[in-house]
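The lines below spell out each chain.
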Amino acid sequence: MTSELSLFPGWPPAPDPVFFAGLALVFAGLAGEICFRRLRLPRITGYAVVGLVGGTLGLSSMLDAQTSAAIRLLIDLALGLLLFELGSRLNLKWMRANPWIIVTSALEALLTFIAVYVVLRVFSVSPLTAVLIASISMATSPALVIQLKNELRAEGQVTERLLALAALNSVYAVVAVKLVYGWMHQAYHSSFWVVLFHPLYLLIGSIVLAFVLAKACNLVFRKFGSQDHHAFVMLIGLIMLMVALVHMLKLPNSLTLLLAGIIFRNLDERPQLWPAYFGTAGWLLAVVLFVLTSLAFQWEYLVLGGLAALAIIIVRGAAKVVGTVAVAHQAGISYKQAVALGMSLCPMASLAFVLVADTYDIYPQFDPMLKAVVMCTIALLQLAGPLVVYWALALVGERKD
């Protein structure tokens, strides 16, 4: 028989994760608007601050395993949708007409990898961990770049190249990390077949699923039109199904959705455009993504990897500027625009977080320096990165806010 007391809430009432999620969104919205309206700073800075404060209060440690798994799924879904959007903005015909864009991307990513690896070895980080962090450091935060472009209403040569290079170096980073997994398997005494075939499975599986998703999305839009609201609902449903399928097959969500967006944009002779009314949903996803990513930061990471993270930020930013400036003339932009482009490539956030989480999903006992250095770098760049992009786009007159 049910006790009468069980019909009433206990004391003190115990809020569930939905309460804290709603509270975080409210405070993130307020912080974002204060930054934008009062301080003339990007809203994203406010979102990151709220996440860091939540992490400081220990909210992440209050989550049970089931809630943490749900949060990870939410992060993958939000990041996947934003990566799909970024991929759908990448025009391969433009790159074929100006191959120096690809050269610029490859050069800045390679210089970033080398610079970060060398600095980490100076800090006595193990070669395997240094290679992983250097691979992750090649990527520019796709979600942050997209949302800043929308918030600042930025248009122009630098902005378009920023989106293109962010998409390309995100591909480099994910592919490099998955290839390094072969080295990790060898280090952990896995069989030869795992060392050889696991990275291949991750890459080939992602390409196949990306092609399937892109074809399905193109079919939907061809039948209903790219600006039909019902078609957009089906598009979101297809992406959600793909995220679930990627989790089932243990494939990299980020690479699959980014490649799917690229194929979706370039597969048909009449390219499909990302629906204009995705804006509100995109902002909600961005807020969730930045708050949850920052929430995972713990201040003890500063003790282990703070100095290395600061050094990485400096050499990583310098490498990206040098890479864009070195071929500016051949790529058809001025040196001023090249400097602004290199500076704008500095943000690093949710994609880096997911790549770190993927690594620890496979080997939970892996070197803690990886998490400490990357999370410190993310925390600093989620605060400073939007400001750098804000000023860089203003430098070349592409900011319309």
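Here goes a summary of the coordinates provided. Everything numeric in this text was worked out from a predicted model, so none of it was measured.

Summed over the entire model, instances satisfying the criterion amount to four aromatic pairs. Relative to Phe 264, the ring of Phe 84 lies with its centre 5.3 Å away and its plane at 40°, an arrangement referred to as tilted. A residue pair is termed long-range when its members are at least 10 positions apart, and Phe 84 in helix H3 (residues 65-88) and Phe 264 in helix H11 (residues 253-266) qualify at 180 residues. Each member of the pair Phe 84 and Phe 264 is classed as buried. Relative to Phe 366, the ring of Tyr 360 has its centre 6.3 Å away and its plane inclined at 65°; by these criteria the two rings are edge-to-face. Residue Phe 366 is classed as buried on the basis of its relative accessible area, which comes to 5%. An aromatic cluster is built from Phe 297, Trp 299 and Tyr 301, whose rings are joined through pairwise contacts. It is Arg 40 that lies over the ring of Phe 36; its NZ or CZ is 5.7 Å from the centre. Geometry around Tyr 360 places Lys 371 over its ring, the cationic atom sitting 4.8 Å from the centre.

A word on the packing of helix H8 (residues 157-187) against helix H16 (residues 350-362). The geometry of H8 relative to H16 is characterised by a closest axis approach of 11 Å and an angle of 15° between their N-to-C directions. Here H16 runs roughly parallel to H8, going by the angle between their axes. Judged by the sense of rotation from one axis to the other, the crossing of H8 with H16 is right-handed. Across the interface between the two elements, Ser 170, Val 174, Val 177, Lys 178, Tyr 181, Met 184 and His 185 from H8 touch Leu 351, Leu 355, Asp 358, Thr 359 and Ile 362 from H16. Each residue belonging to the contact of H8 with H16 can be placed in one class, and the counts come to seven nonpolar, three polar and two charged.

The topology assignment puts Asn 98 in the loop between helix H4 (92-97) and helix H5 (100-122). Judged by its relative accessible area of 16%, Asn 98 is buried. One polar contact links the side chain of Asn 98 to the main-chain carbonyl oxygen of Ala 331, over a distance of 3.1 Å. If we ignore the near neighbours within four places in the chain, the residues touching Asn 98 are Arg 161, Gln 330 and Ala 331.

Right, let's get into the nonpolar core. Grouped together as the largest cluster of nonpolar side chains are 124 residues, with contacts concentrated most on Phe 84, Leu 120 and Val 374. Beyond its immediate stretch of four places on either side in the chain, Leu 120 contacts Val 125, Ala 130, Ile 133, Ala 134, Ala 308, Ile 312 and Val 373.

This paragraph deals with the packing of helix H9 (residues 192-224) against H11. The contact between H9 and H11 brings their axes to 8 Å, and the two run at 45°. As the angle between them shows, H9 and H11 are arranged oblique. Crossing of H9 against H11: the hand is right-handed. Note on element contacts: H11 touches H9 through Leu 255, Thr 256, Leu 257, Leu 259, Ala 260, Ile 263 and Phe 264, opposite Leu 203, Ser 206, Ile 207, Leu 209, Ala 210, Phe 211, Leu 213, Ala 214, Cys 217, Asn 218 and Phe 221. Within the contact of H9 with H11, the residues separate by chemical class into 15 nonpolar, three polar and no charged.

Rules behind the numbers
- Position numbers for residues start from 1 in each chain and track the written sequence from start to end.
- Local features in this predicted model are restricted to residues whose pLDDT is 70 or higher, and side-chain atom pairs enter the listing and the counts only when it is 80 or higher, whereas totals over whole chains, interfaces and linings include all residues.
- Side-chain measures were taken over the full set of non-hydrogen atoms in the model, leaving aside hydrogen atoms and water.
- Geometry of aromatic contacts follows a simple scheme: Phe, Tyr and Trp rings, the Trp one being its six-membered ring, pair when their centres are within 6.5 Å, and the pair is stacked under 30 degrees between planes, edge-to-face over 60, tilted otherwise.
- Starting at the N terminus, helices and strands are each numbered in turn, a helix being any DSSP run of H or I of at least four residues and a strand any DSSP run of E of at least two.
- Buried residues are those whose accessible area, probed at 1.4 Å on protein chains only, stays under 20% of the maximum for their type, while exposed residues exceed 50% and partly exposed ones sit between those limits.
- Over a ring means this: the NZ of a Lys or the CZ of an Arg is within 6 Å of the ring centre and within 35 degrees of the ring normal.
- Between the N-to-C directions of two axes lies an angle of 0 to 180 degrees, each axis being a line fitted to C-alpha atoms and, for a helix, fitted only over the stretch in contact.
- Our angle categories are set so that under 35 degrees counts as roughly parallel, over 145 as roughly antiparallel, 65 to 115 as roughly perpendicular, and the remainder as oblique.
- Handedness of a crossing follows from how the near helix is turned relative to the far one, being left-handed for an anticlockwise turn of less than a right angle and right-handed for a clockwise one.
- Here, two residues are considered to be in contact whenever any of their heavy atoms come within 4.5 Å of each other.
- Here the nonpolar group is Ala, Val, Leu, Ile, Met, Phe, Trp, Tyr, Cys and Pro; Asp, Glu, Lys and Arg are the charged ones; every other residue, Gly included, is treated as polar.
- Pairs of N or O atoms within 3.5 Å make up the polar contacts considered here, provided that, within protein, one atom can donate a hydrogen while the other can accept it, and that residues adjacent in sequence are counted only when both atoms are side-chain atoms.
- We call a set of buried Ala, Val, Leu, Ile, Met, Phe, Trp, Tyr and Cys residues a nonpolar core when their side-chain atoms join them within 4.5 Å.

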